[in-house]
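# Inside the fold
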Amino acid sequence: MAEVVSMADIEATALRLGIDISSVDLDAIQIPPGEDFGIKSDDDEDLYQEDGFEMEAGFGNIIVVDNLPVVPPEKFEKLENVVRKIYSQIGVIKDGGLWMPVNPETQKTLGYCFIEYNTPQEAELAREKTNGYKLDKSHIFSVNLFDDFEKYMKVPDEWTPAEIKPYTPGENLQQWLTDEKARDQFVIRAATFTEVFWNDPRQMMPDLVYRRQYWTEAFVQWSPLGTYLATVHRQGAAVWGGATTFNRLMRYAHPQVKLIDFSPGEKYLITYSSHEPSNPRDTHRVVLNIFDVRTGKVMRDFKGNADEFTTGGSGGVSGVSWPVFRWGGGKEDKYFARIGKNVISVYETETFTLIDKKSLKVENVVDFSWSPTDPILALFVPELGGGNQPARVSLVQIPGKEELRQKNLFSVSDCKMYWQSNGEYLAVKVDRYTKTKKSTYTGFELFRIKERDIPIEVLELDNKNDKIVAFAWEPKGHRFAVIHGDNPRPDISFYSMRTAHNTGRVSKLATLKSKQANALYWSPAGRFILLAGLKGFNGQLEFYNVDELETMATGEHFMATDIEWDPTGRYVATSVTSVHEMENGFHIWSFNGKLLYRIPKDHFYQFLWRPRPPSFLTAEKEEEISKNLKKYSKKYELEDQDVSLLLSEQERKRRNMLLDEWDAWIQNCKRLHEEESELRRQLRDGEASDEEEEYEAKEVEVEEILDVKEEVVPFDLDQME
């Protein structure tokens, strides 16, 4: 790369050579091929240079409308007005942006026209809305993007066989799971850097795996099984994989992408973008693409106005609910669905079309959710007709669309559904109006999905007027926790879907009074839960053992904003992101509340543990390991002992190093003292006062009167006699 030359150097050189720079045509200067003179592009060079990444063509805002009537000059203006009226309803046509070519011999139109919009999004919408538009019996529009013609014109006339490249095996993307120390990885984003670390609690610090600046332009996201790390760029998304190298595996072209989402089994990637309309009266234009993760092929795209994607969900950008598509059928990625007005549209991934070629009609449906393990939909429909038609929750089996269970609910103001991770239970939190309609109270409808006829239990708190702050199921378990109460310090209650004598009844295990907590974080392995006080509670933490119903430890991470357990349930990370300007960074804790290490990071944005795929061990094998844990643990106890000895040796070396540094500092001070002795002698008029023998030690006694007090003592003459 050539050295960068400043303008001052150029002017000096020109003056020396007698060249008048003002007379030079700078536009006529051509840079030699491949030379950039040290000026690096602002764009992400990886996304442009490799694999022939195609950028958006320059005529994406022009459409070609074919099958127009062929008319003489006297009818030309009338036809143009008709076409302009049709296409002006979709978007703003540029000035002079409608052109109908004319046959120079007959002076009649050629039966097609070009229309230029302000944006490619409007052109794409016009193609969708008017392709096949019936002007009359003889004229049905055929509409294409102008860029498509250019693409088709480049297709060669003769077929040539594709070049067959020799197979080269790729990197084992699960290699990170074979770490000898059984460590987990996590990714962080701080300032302009994205870094991947091993969590190494025995060394009391993280171990850097990979570090890259400007790796993403918005955020990073692990795939659900931890195989890929996704990054987001202006041109689209990309996925990376590996244990230590993180090579780019695939790119997905989607300009101005804002959000992404993986299917549970990692087979598909959904990308989302929204675009400002040129007409202020129109809504945002939304584009969604579903890519095959491995091949990068677009399996299905969805386009439309933002209004079509606003129903249900937890909120996204520009008013669009996210995720738009929710996946069902477990890790097989067999079905996905979206909610619309009075319908639930369920698609299957074999053909990416609607099941039975039609949506599931559900009048006034406002929310739905999938079972995490089975193709079962839970639907919520609110009250209608002022309470004449009750609200209801329905369970629907897919693909048959058979209703498995329905529960009518009365006086409902709101409803929220919570699935247990194994799909065994569904909790429906129901907010109901009181008789006066001036306030609400909360109860739970608990569905036992795996049992015959799906029985339902109703659970009300001891004080049913308590506000529900948080609810969470125990992963893979039968217990759940609820934070409830209107006080500044609410209560926390634990329940079980089983009792000692009756596995079909819900029972309360314990209630913890007046806790500084407003969020619940169960360990992925169950049994332990972190009771967290975020926001107003300033990061209060309580590590609780639900088996023993006792607190293991308490702690604090001041101003903590996020909490996340590692996938094994051994460690938990608490972090303060750039929501706050101070105290940015993260802490790593053990499951029982021991603070292992702190890492401060300025401008800290993200902390994400790398997910682990499900274990291949059967339930029987896991039970066998649990029973014989002492036998297996001997090996790891020896390893821990070796690590402890290693840490002791490291500590001994560290202390010796500190002692050596201290001795070196003392010797340096003595050397300086000796070098300055002559200067001190001169300052004392030649007297050598540094040597100890020049001094004479004397003991001086000083007598000091602390206080003087005059007291009259009575004199007894009888005693004198």
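Conventions used here
- Residues numbered from 1 in each chain as written.
- Predicted model: local features only at pLDDT ≥ 70, side-chain atom pairs only at ≥ 80, totals over all residues.
- Heavy atoms only, no water.
- UniProt positions renumbered as here; feature names shortened; annotations may be inferred.
- Helix = DSSP H or I, 4+ residues; strand = E, 2+ residues; numbered from the N terminus.
- Contact = heavy atoms within 4.5 Å.
- Areas by Shrake-Rupley, 256 points an atom, 1.4 Å probe, with all protein chains shown as cover.
- Pairing = 2+ DSSP bridges.
- Axes fitted to C-alpha atoms, helices over the stretch in contact; angles between N-to-C directions.
- Buried < 20%, exposed > 50% of the residue type's maximum accessible area, 1.4 Å probe, protein only.
- Salt bridge = Lys/Arg side-chain N within 4 Å of Asp/Glu carboxyl O.
- Core = buried A, V, L, I, M, F, W, Y, C linked by side-chain atoms within 4.5 Å.
- Polar contact = N/O pair within 3.5 Å; in protein donor to acceptor, adjacent residues only side chain to side chain.
- Phe/Tyr/Trp six-rings, centres within 6.5 Å; stacked < 30°, edge-to-face > 60°.
- Lys NZ or Arg CZ within 6 Å of the ring centre and 35° of its normal.
- pLDDT = per-residue confidence, 0-100.

Under an unreviewed UniProt entry, the name given to the chain is Eukaryotic translation initiation factor 3 subunit B, and the source organism is Dioscorea zingiberensis. Checking UniProt for the chain, the heading Subunit (unreviewed entry) contains the comment "Component of the eukaryotic translation initiation factor 3 (eIF-3) complex." Its UniProt record gives the chain the following Sequence similarities (unreviewed entry) comment, quoted word for word: "Belongs to the eIF-3 subunit B family."

## Re the overall build of the chain
Within the chain, the regular secondary structure consists of 9 helices and 43 strands. In the chain, 46% of the contacts between residues at least 6 apart in sequence involve partners at least 24 apart. About 44100 Å² of surface is accessible on the chain, with carbon and sulfur atoms providing 50% of the total.

## Points about the sheet that holds strand E11 (residues 229-232)
With respect to topology, 4 strands assemble into an open sheet ordered E10-E11-E12-E13, the strand pairing being antiparallel. This sheet does not close on itself; its edge strands, each paired only once, are strand E10 (220-222) and strand E13 (247-253). In this sheet, neighbouring strand axes are inclined to one another by 25° on average, regardless of whether the strands run parallel or antiparallel.

## Focus on unusual backbone geometry
Cis geometry is found at the peptide bond from Ile398 to Pro399, where omega equals 15°. With respect to the helices and strands, the residue Pro399 is situated in the loop between strand E25 (391-397) and strand E26 (402-409). Despite not being glycine, Lys357 shows a phi value in the positive range, around 60°. Position of Lys357 relative to the elements: it lies in the loop between strand E21 (353-354) and strand E22 (360-361). Classification of Lys357 as exposed rests on a relative accessible area of 79%.

## A word on the pattern of salt bridges
By the definition in use, this model includes 32 salt bridges. One salt bridge in this structure joins Arg211 and Glu195, with 2.7 Å as the shortest N-O distance. Of the two residues, Arg211 sits in strand E9 (residues 205-213) while Glu195 sits in strand E8 (residues 193-200), which places them 16 residues apart along the sequence. A residue is classified by how much of its surface remains accessible, and Glu195, at 5% relative accessible area, is buried. Across the pair Glu675 and Arg671 runs a salt bridge whose closest N-O atoms are separated by 2.9 Å. Pair noted here: Glu675 and Arg671 are both in helix H7 (residues 629-675), with a separation of 4 residues, about one helical turn. The network of salt bridges with common partners includes Asp179, Lys181, Arg183, Asp200 and Asp207.

## Remarks on the nonpolar core
Judged by nonpolar contacts, the single largest core of 21 residues is most densely connected at Ile63, Val65, Val83, Tyr87, Ile115 and Tyr117. When contributions to this core are tallied by element, the ones reaching two or more residues are strand E1 (62-66), helix H3 (76-88), strand E2 (93-99), strand E3 (112-117), helix H4 (120-130) and strand E6 (142-145). Here this core gets 4 residues from one element, more than from any other, and that element is H3. With sequence-adjacent residues up to four places away left out, Val83 is seen in contact with Leu68, Leu98, Met100, Cys113 and Ile115. Counting residues in each nonpolar core, the second largest holds 18 residues, with Val393, Leu426, Phe447 and Ile456 among its members.

## Quick notes on the sheet that holds strand E35 (residues 519-522)
The strand order E35-E36-E37-E38 describes an open sheet built from 4 strands, whose pairing is antiparallel. Looking at strand neighbours, the two that pair on one side only are E35 and strand E38 (550-556), the edges of this open sheet. Across the sheet, the axes of successive neighbouring strands diverge by a mean angle of 20°, strand direction being ignored. Relative to strand E36 (residues 528-533), E35 runs antiparallel, the two being bridged by 4 bridges. Bridged to Leu520 within E36 is Leu531.

## Digging into the side chain of Thr130
Summarising the element assignment, Thr130 is placed in helix H4. Taking relative accessible area as the criterion, Thr130 reaches 3% and is therefore assigned buried. Here the side chain of Thr130 touches Tyr87 through a polar contact of 3.0 Å, side chain to side chain. Beyond its immediate stretch of four places on either side in the chain, Thr130 contacts Ile86, Tyr87, Ile90, Phe141 and Val143.

## Quick word on H4
Within the sequence span of H4, burial applies to Glu122, Ala123, Glu124, Leu125, Ala126 and Thr130. The distance from a side-chain oxygen at the start of H4 to the backbone nitrogen of Glu122 is 3.2 Å, and the residue carrying that oxygen is Thr119. Once H4 ends, the next one or two residues include Gly132, with phi positive near 95°.

## Some details on the packing of aromatic side chains
This model, assessed by the stated rule, comprises 41 aromatic pairs. With 5.5 Å between their ring centres and 15° between their planes, Tyr425 and Trp473 make a pair best called stacked. Here Tyr425 is found in strand E28 (residues 425-433), whereas its partner Trp473 is found in strand E31 (residues 468-473), with 48 residues between them in sequence. In this pair, the class of Tyr425 matches that of Trp473, namely buried. Seen from their ring centres, Phe607 and Trp609 are 5.4 Å apart, and the 80° between their planes marks the pair as edge-to-face. When its relative accessible area of 3% is taken as the criterion, Trp609 is described as buried. Taken together, the ring pairs in this structure connect Tyr268, Phe302, Phe325, Trp327, Phe336, Tyr347 and Phe352 into an aromatic cluster. Note that Arg211 overlies the ring of Phe193, its terminal NZ or CZ placed 3.7 Å from the centroid.

## Thoughts on the side chain of Thr227
With respect to the helices and strands, Thr227 occurs in the loop between E10 and E11. Owing to a relative accessible area of 7%, Thr227 belongs among the buried residues under this scheme. A polar atom in the side chain of Thr227 sits 2.7 Å from the side chain of Glu266. Leave out the neighbours within four places in its chain, and Thr227 touches Leu173, Gln174, Trp240, Gly241, Glu266 and Arg610.

## Here we look at the confidence of the model for the chain
A low pLDDT score tells you not to read the predicted coordinates there in detail. Looking at the chain as a whole, its pLDDT mean stands at 84, while 86% of the residues score no less than 70. Confidence drops under a pLDDT of 50 for residues 39-57, and excluding neighbours within four residues, the segment shows 29 contacts in the predicted structure. Between residues 313-317, whose pLDDT stays under 50, and residues either more than four places distant or in other chains, the model counts 12 contacts.

## Some details on the pairing of strand E37 (residues 540-545)
The element E37 is largely enclosed, with a buried count of 5 among its 6 residues. Where E36 and E37 come together, 6 bridges link them in antiparallel fashion. The residue of E37 that forms the bridge with Phe528 is Asn545. What sits between the antiparallel neighbours E36 and E37 is a turn of 6 residues, in which Lys535 has the positive phi angle 55°. Relative to E38, E37 runs antiparallel, the two being bridged by 6 bridges. Within E38, the residue paired with Asn545 across the bridge is Glu550. Remark: 4 residues form the turn of the hairpin made by E37 and E38, two consecutive strands paired antiparallel; Leu549 in that turn has positive phi of roughly 55°.

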